[in-house]
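Coordinates in review
Listed below are the residues making up each chain.
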Amino acid sequence: MSLKLKRFTEAILRHKKKSIFALVVAISGGNALNSKIKDDEVRRFYGEKAKQFGAVPIHPNQKLRKVVVLINGEAKRQHAARIFNKNGLPLLNLAGLDINIINVSSQSEMENIARTIDYKEADCIFLVGGDGTICHALNGILQKTKIEDQPPIGMFPGGNRNKTFSILGFIKESVDPKSNVRLCCESVMALIEGKQKQFYPICCKLENIFDKELKEKKENTSSTIPSPSVNYFLSEIALGWFEHCELKIPKFWWMGPLSGYFTYFWEFFKISPKAPIRVEIAYEKFCPGCRKCIEIPKDNESFLTWIFGTSNKVK
């Protein structure tokens, strides 16, 4: 036994490079297998919860909850749909929901489709994509309906950064949904169980400064000047050189934890920063409303009914 061990040790020392390579492959393969086993256990756990939810009997006249799923096919380098089909769609099927899946090829198409959906026939809108997908979908939804009239909106982490989840407090930092099956399943289970949180989106009006100055000069003329574009979002506002580098970071995933530093270093030599960007920002605080700015309806309807939900009329 000692002779075999001695020969094995000598063989390893003789082929150091091959031994190191084999060790790295074995460790990587073991970690990948361990991660796959854990992910399967997570999917099985949430699958049982969704199955229990779907097994609850309902009244014959009660309709199934209708969910419209909008999938951005370009999100996550065209992997968002595959991630959703693997981690999200089976749970929705087990829960017994009426699902209508719409595959979208671009963010502009996402906005157009979100604007044309009949929200009276949908109990929830479920968005599969990243921060850009959520932004364009909100633009289409809020341009058609008021915030009070829109259905609940669910989000599936199918983007590269998913900063919306971080900002809203769902996760401490942006994660890769491919390696975080639990976050994907939790987002779907929140939809199934009807868990809701109320957030007010940020309304951002973008106007070209030169168009604004031209409008002030030609205020009394009939020249056509583009009106400000309105965008709604739940994440951050970013532009310029830093935004350019942040969008490039996923391409250097092979650098691991150094991908961010390498991206800024590489892009600086590849495309040096241009001239400074002139930005004028005017921030308007959100007003929840009060009695001072609400007028009593002219048809003598109850003011208290509208505000507090009572049946008392204003005398």
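Small disclaimer: the values here were computed from a predicted structure and weren't measured. (Residues numbered from 1 in each chain as written. Predicted model: local features only at pLDDT ≥ 70, side-chain atom pairs only at ≥ 80, totals over all residues. Heavy atoms only, no water.)

Section: the overall build of the chain
From N to C terminus, the chain includes twelve helices and six strands. In the chain, the share of contacts with a sequence separation of at least 24, taken over all contacts with a separation of at least 6, comes to 72%. With an accessible surface of roughly 22,500 Å², the chain has 57% of that area assigned to carbon and sulfur atoms. (Helix = DSSP H or I, 4+ residues; strand = E, 2+ residues; numbered from the N terminus. Contact = heavy atoms within 4.5 Å. Areas by Shrake-Rupley, 256 points an atom, 1.4 Å probe, with all protein chains shown as cover.)

Re the pattern of salt bridges
Applying the stated criterion to the full structure yields five salt bridges. Across the salt bridge formed by Lys36 and Asp40, the nearest N and O atoms sit 3.2 Å from each other. In this pair, Lys36 and Asp40 are both assigned in helix α2 (residues 16–54), four residues apart and thus about one turn of the helix distant. Asp40 sits in the partly exposed class, given a relative accessible area of 26%. When the shortest N-O distance is used, the salt bridge between Asp40 and Arg43 registers 2.9 Å. Taken together, the positions of Asp40 and Arg43, both in helix α2 and three residues apart, correspond to about one turn of that helix. (Salt bridge = Lys/Arg side-chain N within 4 Å of Asp/Glu carboxyl O. Buried < 20%, exposed > 50% of the residue type's maximum accessible area, 1.4 Å probe, protein only.)

Some details on the confidence of the model for the chain
Confidence in the prediction for the chain averages 76 pLDDT; 77% of positions are at 70 or higher. The least confident element of the chain, judged by mean pLDDT, is helix α12 (residues 303–308) at 36; the most confident is helix α4 (residues 89–94) at 92. Here residues 173–178 is a poorly scored stretch, pLDDT under 50, and it has 19 contacts once near neighbours within four places are set aside; other chains count. Contacts from residues 296–315, a stretch scored under 50 in pLDDT, to residues over four places away or in other chains number 17 contacts. (pLDDT = per-residue confidence, 0-100.)

Quick word on the nonpolar core
Counting 26 residues, the largest nonpolar core has Val69, Phe84, Leu92, Phe126, Val128, Phe156 and Ile192 as its most contacted members. With seven residues, helix α8 (residues 181–193) is the largest single contributor of residues to this core. Ignoring any residue separated from it by four or fewer positions in sequence, one finds Val69 in contact with Phe84, Leu92, Ile99, Asn100, Ile101, Ile102, Phe126 and Val128. Counting 22 residues, the second-largest nonpolar core is a separate cluster that includes Leu70, Ile113, Leu142 and Met155. (Core = buried A, V, L, I, M, F, W, Y, C linked by side-chain atoms within 4.5 Å.)

Examining the packing of helix α5 (residues 107–116) against helix α6 (residues 131–144)
Packed helix pairs are characterised by how far apart their axes lie and by the angle those axes make with each other. In the contact formed by α5 and α6, the axes pass within 7 Å of each other and the chain directions differ by 30°. The angle between α5 and α6 falls in the class roughly parallel. Handedness of the α5/α6 crossing: right-handed. Of α6, the residues touching α5 (which contributes Gln107, Ser108, Met110, Glu111, Ala114, Arg115 and Thr116) are Gly132, Thr133, His136, Ala137, Asn139, Gly140, Ile141, Gln143 and Lys144. Residues that form the contact of α5 with α6 fall into these classes: four nonpolar, nine polar and three charged. (Axes fitted to C-alpha atoms, helices over the stretch in contact; angles between N-to-C directions. Parallel < 35°, antiparallel > 145°, perpendicular 65-115°, else oblique. Left-handed = near helix turned anticlockwise from the far one by under 90°. Nonpolar A, V, L, I, M, F, W, Y, C, P; charged D, E, K, R; others polar.)

Observations regarding the pairing of strand β3 (residues 124–129)
Among the six residues in β3, six count as buried, and that is most of the element. On β3, burial covers both faces: Cys124, Phe126 and Val128 on one face and Ile125, Leu127 and Gly129 on the other are all buried. Strand direction decides the pairing type here: β3 and strand β4 (residues 153–157), joined by five bridges, are parallel. From the neighbouring strand, Ile125 faces β4, where its bridge partner is Ile153. (Pairing = 2+ DSSP bridges.)

Focus: a nonpolar patch on the surface
Taken together, the side chains of Ile237, Leu239, Val279 and Ile281 present a nonpolar region at the surface, about 440 Å² in accessible area. Inspection of the secondary structure assignment puts Val279 in the loop between α11 (259–270) and α12. Residue class for Val279 comes out partly exposed when judged on its relative accessible area of 46%. (Patch = residues over 30% accessible without salt bridge, like charges linked within 9 Å, V, L, I, M, F, W, Y side chains within 5 Å.)

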